[in-house]
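Coordinate analysis (summary)
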Amino acid sequence: MTAFSVLDLSPVVEGGDARRALLETTELAQAAERLGFTRFWLAEHHNMPGIASAATAVALAHVAASTQTIRVGSGGIMLPNHAPMVVAEQFGTLEALHPGRIDLGLGRAPGTDGETARALRRYFEAADQFPRDVLELQDFLGDPVEGQRVTAWPGAGSKVPIWLLGSSLFSAELAAHLGLPFAFASHFAPELLLPALRTYREGFRPSKQLAQPHAMAAINVFGADTDEKAKHVSTAMQQAFAAVVTGKPGRLKPPVDDITRVLDARQIAAVESRLTYAAIGGVETVRSKLQEFIALTGVDEVMVTGMIFDIEDRVRSLEVTAEAVAGL
């Protein structure tokens, strides 16, 4: 059985603020738990006025405390921004508070621009140290060994499961080499999805954490009562994608009736490229698109995401998705 999970970007909408965004994220996580999704992840982005989950571990602590059974984790923590020991302490603390429910997804990109990376006191060159940092983080989360002089408390012995996230072949190769689960960001970078999955599966080496490959891929899902309603709510994310492409990210704008009236042809083409893998529609349409995606990728797990303006529509989209999944 294919598992289904949720990635949320904690969108800050026009007219809203970070508090509203984080409270709505919590409401969405509670809905995901009620509907039977496997895990709920938040992503680390910086200098993005439309995303409220920059302090990802802090936001995850609130979400985990507001739910009971669903796994909660990062999709992901951008490791070049952090010292591995600090990440081990943060996620070791989360695991101590919510045992058996915490995931640690790691990304190699800084999740921001160069100037912001410098403000974080880390640098793009840190991405070159990503494999070494992953190994160091694994050591901090593993059992202490005799003679170890530096230990992460909390963290040591917690064995929080690590995932590697990526939008290229690099993390696929590293995840295979280290025997870790792998998640591909096909919700915004679809081009290398199939080559990355093939690279991961062909190169996988069993590890203490994982005996066989476990691949996840993300897909944009906008579910609603009708196909037309779903297309309408999806225009908020289309505007957000266009804003990022043009280098002008902002708060999430409300949906529009005609996207061609707010985006030009070049922007629409760029948005459509990013939405290569998307399920936009009512229950039957979403079910059909998810079936196609699973058949194409053969993934063990699908992570659904979608920036939707109104929280009622976001929750409804998850309800439609759950109904669609139940019929697979």
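Refer to the preceding data block for the structure.
Let me sum up the structure you'll find in this document. Throughout this description, residue numbers start from 1 for each chain and increase along the sequence as written. In keeping with the model being predicted, local features are shown solely for residues with a pLDDT of at least 70 and side-chain atom pairs are shown and tallied solely at 80 or more, while totals for entire chains, interfaces and linings include all residues. The basis for every side-chain value is the complete set of heavy atoms in the structure, and neither hydrogens nor water enter the calculation.

**Concerning the overall build of the chain**
Looking only at helices and strands, the chain has eleven helices and nine strands in total. A compact globule built from 328 residues should have a C-alpha radius of gyration of about 20 Å, and the chain, at 19 Å, falls within 12% of that. Dimensions of the chain, computed from C-alpha atoms along their principal axes, come out at roughly 65 × 40 × 35 Å. Partly exposed residues are those whose accessible area sits between 20% and 50% of the maximum for their type, while under 20% is buried and over 50% is exposed, using a 1.4 Å probe and protein chains only. Counting across all 328 residues of the chain, residues that qualify as buried make up 54%. Only heavy atoms enter the contact rule, under which two residues are in contact if any of them lie within 4.5 Å. Restricting the contact set of the chain to residue pairs at least 6 apart, pairs at least 24 apart contribute 74%. Treating the 29 positive side-chain charges of the chain as one cloud and the 38 negative ones as another, the clouds have centres 3 Å apart. Under the scheme used here, helices are H or I runs from DSSP no shorter than 4 residues and strands are E runs no shorter than 2 residues, and both carry numbers assigned from the N terminus. Computation of the radius of gyration draws on C-alpha atoms, with the globule rule given as 2.2 Å multiplied by the number of residues to the power 0.38. Counted as positive: Lys and Arg. Counted as negative: Asp and Glu. His and the chain ends are not counted at all. For the purpose of locating charges, the reference atoms are NZ of Lys, CZ of Arg, CG of Asp and CD of Glu.

**Here we look at the nonpolar core**
The tendency in soluble globular proteins is for nonpolar side chains to be buried side by side. The criterion is simple. A nonpolar core is a set of buried Ala, Val, Leu, Ile, Met, Phe, Trp, Tyr and Cys residues joined through side-chain atoms within 4.5 Å. Core analysis: the largest hydrophobic core is formed by 68 residues, its most contacted members being Leu104 and Leu106. Per-element tally for this core: the top contributor is helix 11 (residues 311-326), with six residues. In this structure Leu104 touches Ser74, Ile77, Val87, Phe91, Leu137, Leu141, Val160, Pro161, Ile162 and Trp163, once residues within four positions along its chain are discounted. Grouped together as the second largest cluster of nonpolar side chains are 29 residues, Leu9, Phe222, Ala242 and Leu275 included.

**Some remarks on the packing of aromatic side chains**
Note on aromatic contacts: the rings of Phe and Tyr and the six-membered ring of Trp form a pair at centre separations within 6.5 Å, being stacked when their planes are under 30 degrees apart, edge-to-face when over 60 apart, and tilted otherwise. One pass over the structure, following the stated rule, counts five aromatic pairs. An aromatic cluster is built from Phe182, Phe184, Tyr200 and Phe204, whose rings are joined through pairwise contacts. We count a charge as sitting over a ring when the NZ of a lysine or the CZ of an arginine lies within 6 Å of the ring centre and within 35 degrees of the ring normal. Taking NZ or CZ as reference, Arg108 lies 3.9 Å from the ring centre of Phe170, over its face.

**As for the side chain of Ser74**
Following the sequence through the fold, Ser74 ends up in strand 3 (residues 71-78). A residue is classified by how much of its surface remains accessible, and Ser74, at 0% relative accessible area, is buried. Distance and chemistry together define a polar contact, namely a pair of N or O atoms within 3.5 Å, with one atom able to donate a hydrogen and the other to accept it when in protein, and with adjacent residues in sequence counting only for side-chain atoms on both sides. Reaching out from Ser74, the side chain makes a polar contact with the backbone oxygen of Gly105 at a distance of 2.9 Å. Other than its neighbours up to four places away in sequence, Ser74 contacts Trp41, Leu42, Thr56, Leu60, Phe91, Asp103, Leu104 and Gly105.

**As for the environment of Asp313**
Counting through the fold element by element, Asp313 comes out in helix 11. Judged by relative accessible area, Asp313 falls into the buried class, the value being 17%. Here the alpha-carbon distance between Asp313 and Ala3, two residues 310 residues apart in the chain, equals 23 Å. Beyond its immediate chain neighbours, meaning those up to four positions away, Asp313 contacts Gly223, Lys229, Val233 and Ile308.

**What to know about the pairing of strand 3**
On a regular strand, one side chain projects to one face of the sheet and the next to the other, so that they alternate. Counting buried residues in strand 3 gives seven out of eight residues, a clear majority hidden from the surface. In this analysis, strands are considered paired if DSSP registers two or more bridges between them. With four bridges connecting them, strand 2 (residues 39-42) and strand 3 associate as parallel partners. Paired with Phe40 across the two strands is Val72, which belongs to strand 3. The parallel pair strand 2 and strand 3, bridged by helix 2 (residues 56-65), forms a crossover whose chirality is right-handed. In the sheet, strand 3 pairs with strand 4 (residues 102-107) via five bridges, with the strands oriented parallel. Within the sheet, the bridge partner assigned to Ser74 lies in strand 4 and is Leu104. Place the viewer so that the strands point away; then a crossover is right-handed whenever the path from the first strand over the helix to the second strand goes clockwise. Of the crossover connections in this fold, the one passing from strand 3 over helix 3 (residues 84-97) to the parallel strand 4 is right-handed.

**Looking at the pairing of strand 5 (residues 162-166)**
With five of its five residues buried, strand 5 lies for the most part within the structure. Across the two faces of strand 5 the burial is the same, with Ile162, Leu164 and Gly166 and Trp163 and Leu165 all buried. As defined by bridge partners, strand 5 adjoins strand 6 (residues 182-184) across three bridges and the pair is classed as parallel. Within strand 6, the residue paired with Leu164 across the bridge is Phe182.

**Examining the pattern of salt bridges**
What makes a salt bridge here is a side-chain nitrogen of Lys or Arg within 4 Å of a carboxyl oxygen of Asp or Glu, nothing more. Enumeration according to the criterion identifies 15 salt bridges in this entry. Connected through shared salt-bridge partners, Asp8, Arg20, Glu24 and Arg314 make up one network.

**Some words on the environment of Gly157**
Position of Gly157 among the secondary structure elements: in the loop between helix 5 (130-141) and strand 5. What makes Gly157 partly exposed here is its relative accessible area of 31%. The spacing of Gly157 and Leu263 is 106 residues in sequence and 51 Å in space, taken between C-alpha atoms. Other than its neighbours up to four places away in sequence, Gly157 contacts Leu141, Gly142, Asp143 and Pro144.

**Re the packing of helix 3 against helix 5**
Interaxial distance between helix 3 and helix 5 falls to 9 Å at its minimum, and their mutual angle equals 40 degrees. On the basis of their axis angle, the class for helix 3 and helix 5 is oblique. Here helix 3 and helix 5 pass one another in a crossing that is right-handed. Residues Pro84, Met85, Val87 and Ala88 of helix 3 lie in contact with helix 5, whose contacting residues are Asp133, Glu136, Leu137, Phe140 and Leu141. Tallied by class, residues from the contact of helix 3 with helix 5 come to seven nonpolar, no polar and two charged. Helix axes are fitted only over the stretch in contact, all axes being lines through C-alpha atoms; the angle between N-to-C directions runs from 0 to 180 degrees. Roughly parallel refers to an angle under 35 degrees, roughly antiparallel to one over 145, roughly perpendicular to one between 65 and 115, and oblique to any angle outside these ranges. Take the far helix as the reference: if the near one is turned anticlockwise from it by less than a right angle, the crossing is left-handed, and if turned clockwise, right-handed. Gly counts as polar in this scheme, as do all residues outside two lists: the nonpolar Ala, Val, Leu, Ile, Met, Phe, Trp, Tyr, Cys and Pro, and the charged Asp, Glu, Lys and Arg.

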